[in-house]
Amino acid sequence: MEQRAHPNGKSLDVKNRSDMRLIVFLLALSLLAPQVIGQINQHIDGYDQKIGLKWTSLPFHMRLFQGEFDFEQLPAPLETVKVNFTLEIARDIVIPEGDWEIKLGWDRKAMRLLGDSVFVWSGSHSLGSTYSGSFELVPLLSGFNGFQLYMPGEEEDGALDVKWCFDKDGSLTFLGKEEIGDQFKNQCTLHQCTFFNEDSVHMIQRDMESYPDPKQLFITTMTVCPPFNIGDTSTVRYHLVAGDDLNVPLEIELTGRGMQVVSNPERLPTTVSRADIIDYEIKVVPLAVRGIHHLRLNLRRPGHLSSSKERYFNCIDCFAVFRNDGSLRFISDVGLGGLDETFLPDAFPPLKVGDNQRIKLSPDSEEVLRYKF
């Protein structure tokens, strides 16, 4: 190829090669874009009619109904979003008689539901018949979460699942349907961080069949007001609902790693009846240290036996990570194990001896023990 001088000193064939690389890059980007955009869908449909389970109670492994969901806007942390749905009968064999009760399933720790959780589908149940409804939801937690619509009983395996993924900072990275065998959850963060606003953080205990643990004394929620900020005082309020009658004083232990309890902790009432509510408050100041800050409240019935059937403990955790300006970046009550160090602020020195604190209130002494470690 003949090379001619270019005003900027480069030969034209070099410029042509640069243009070609740019074209290839843009072409590759355009091919990848639909895949990236396709991970977030406000309109969700296309569920498989046949369920990929080896064993199921569904006749011929076929769903009773198909469905589609429409989010009026993309879900965002602590923002209300309306979801419209339409179900369509997709099977003309073994049709249940009478009105159908369609239920909405969700994890109350991850999502707040505004509206009905039970929908009654009456009228025609012939092939192709439809039922429409709507509800509103508010995302509360990072990680892989969502909801499902299903018909209880033998049809439950045919549930229609909608899932989303938020990263630790609250950015939406996935919204779509989930089928058996899908691996979207493996691409989502495992860290379950509670979303918060400028006024407060509100964390609730996970709502699953195995929770609360039958050994736990209380069903708990925790509020931090205002949200933690390095060097500032926040009120941490534990809302405790008694799971059973309690007629003995409890051991209380508070542990702070990079967290200083600056108030004088109270003792809990000696006599508590089932469903009684106790609001327990402490004042906490996060220290200017680099690391995962950790606050733990332990409540324990003294002298319990591991074989005892009595409720005997609560262990309530709070983990926090801050930005370089001292503001709270994310917070969790279920742990931040394996967190990459790049998420930690580099404006503060590492945690050292003396930055940790433990406070004990023994049931057989009036003394409050405080020590640093």
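Before any of the text, the structure's been laid out above.
Parameters and conventions
Residues numbered from 1 in each chain as written. Predicted model: local features only at pLDDT ≥ 70, side-chain atom pairs only at ≥ 80, totals over all residues. Heavy atoms only, no water. Salt bridge = Lys/Arg side-chain N within 4 Å of Asp/Glu carboxyl O. Buried < 20%, exposed > 50% of the residue type's maximum accessible area, 1.4 Å probe, protein only. Helix = DSSP H or I, 4+ residues; strand = E, 2+ residues; numbered from the N terminus. Pairing = 2+ DSSP bridges. Disulfide = S-S within 2.5 Å. Axes fitted to C-alpha atoms, helices over the stretch in contact; angles between N-to-C directions. Contact = heavy atoms within 4.5 Å. Phe/Tyr/Trp six-rings, centres within 6.5 Å; stacked < 30°, edge-to-face > 60°. Polar contact = N/O pair within 3.5 Å; in protein donor to acceptor, adjacent residues only side chain to side chain.

Draft legend 1. Main features of the pattern of salt bridges. For the coordinates displayed, the defined rule picks out 10 salt bridges. The salt bridge partner of K177 is E179, with a shortest N-O separation of 4.0 Å. Relative accessible area serves as the criterion here: at 10%, E179 is assigned to the buried category. Through salt bridges with shared partners, one network takes in R63, K177 and E179.

Draft legend 2. View of the pairing of strand β8 (residues 143-150). Within β8, seven of the eight residues are buried, leaving the element largely enclosed by the surrounding structure. Direction of pairing for strand β4 (residues 100-106) relative to β8: antiparallel, over a ladder of four bridges. Note on β8: the bridge partner recorded for W106 is F147. The pairing of β8 with strand β9 (residues 160-166) spans seven bridges and is classified as antiparallel. Bridging across to β9, N145 finds its partner in W164.

Draft legend 3. Region of interest: the sheet that holds strand β7 (residues 130-139). One open sheet accounts for five strands, arranged β1-β2-β3-β7-β5; its pairing is antiparallel. The open sheet has two edge strands, β1 (43-44) and β5 (111-114), and neither has a second partner. Alignment of strand β2 (residues 65-71) against strand β3 (residues 81-89), held across seven bridges, turns out to be antiparallel. Paired with D70 across the two strands is N84, which belongs to β3.

Draft legend 4. Seen up close, the state of the cysteines. A full pass over the atoms with the stated rule returns one disulfide. Between C165 and C188 runs a disulfide, and the two sulfur atoms are separated by 2.0 Å. In this structure the cystine formed by C165 and C188 twists about its S-S bond by roughly 90°; its chirality is therefore right-handed. With C165 in strand β9 and C188 in the loop between β10 (172-178) and β11 (201-204), this pair connects stretches of sequence that are 23 residues apart. Take C165 and C188: they sit in the same class, and that class is buried.

Draft legend 5. The arrangement of the sheet that holds β9 in detail. Taken in spatial order, the five strands of this open sheet run β6-β4-β8-β9-β10, and their pairing is antiparallel. Here the strands that pair on one side only, and so sit at the sheet edges, are β6 (118-121) and β10. The mean angle between the axes of side-by-side strands here comes to 15°, regardless of whether they run parallel or antiparallel. Pairing of β4 with β6, which is carried by four bridges, proceeds in the antiparallel orientation. Directly across from W100, in β6, lies its bridge partner W121.

Draft legend 6. Spatial organisation of the pairing of β7. Bridge analysis of β3 against β7 gives eight bridges, and the strand direction is antiparallel. The partner of V81 across the bridge, within β7, is L137. Here β5 runs beside β7; their pairing, made up of four bridges, is antiparallel. Bridge assignment links R112 to a residue of β7, and that residue is V138.

Draft legend 7. A look at the environment of P286. Relative to the elements of secondary structure, P286 occurs in strand β16 (residues 277-286). Separated by 56 residues in sequence, P286 and I230 have C-alpha atoms that sit 5.0 Å apart. Leaving out residues up to four positions away in the same chain, P286 has contacts with F228, N229, I230, G231, D232, G258, M259, H293 and F322.

Draft legend 8. Highlighting the packing of aromatic side chains. Scanning the entire structure with this criterion turns up 17 aromatic pairs. Where F166 meets F195, the ring centres are 5.5 Å apart and the plane angle is 80°; that geometry is what we call edge-to-face. Pair noted here: F166 is in strand β9 and F195 is in the loop between β10 and β11, with a separation of 29 residues, a long-range link. Accessibility assignment for this pair places F166 and F195 in one class, buried. With a centroid separation of 6.5 Å and 40° between ring planes, the pair formed by Y238 and Y280 is classed as tilted. With a gap of 42 residues between them, Y238 in strand β13 (residues 234-242) and Y280 in strand β16 connect regions that are remote in the sequence. There is no split in this pair, since Y238 and Y280 are both buried. Among the aromatic residues, those joined into a ring-pair cluster are Y47, F65, F69, F71, F85, W100, F119, W121, Y131, F135, F147 and W164.

Draft legend 9. Layout of the environment of K185. For K185, the location among the structural elements is in the loop between β10 and β11. Sequence separation between K185 and F144 is 41 residues; the distance between their C-alpha atoms is 5.8 Å. Discounting chain neighbours no more than four positions away, the residues touching K185 are F144 and E178.

Draft legend 10. The arrangement of the side chain of R63 in detail. Its location among the elements puts R63 in the loop between β1 and β2. At 2.4 Å, the side chain of R63 forms a polar contact with the backbone oxygen of D48. With residues up to four places along the chain from it excluded, the contact list for R63 reads Y47, D48, Q49, I51, L58, A90, R91, G158, A159, L160 and E179.

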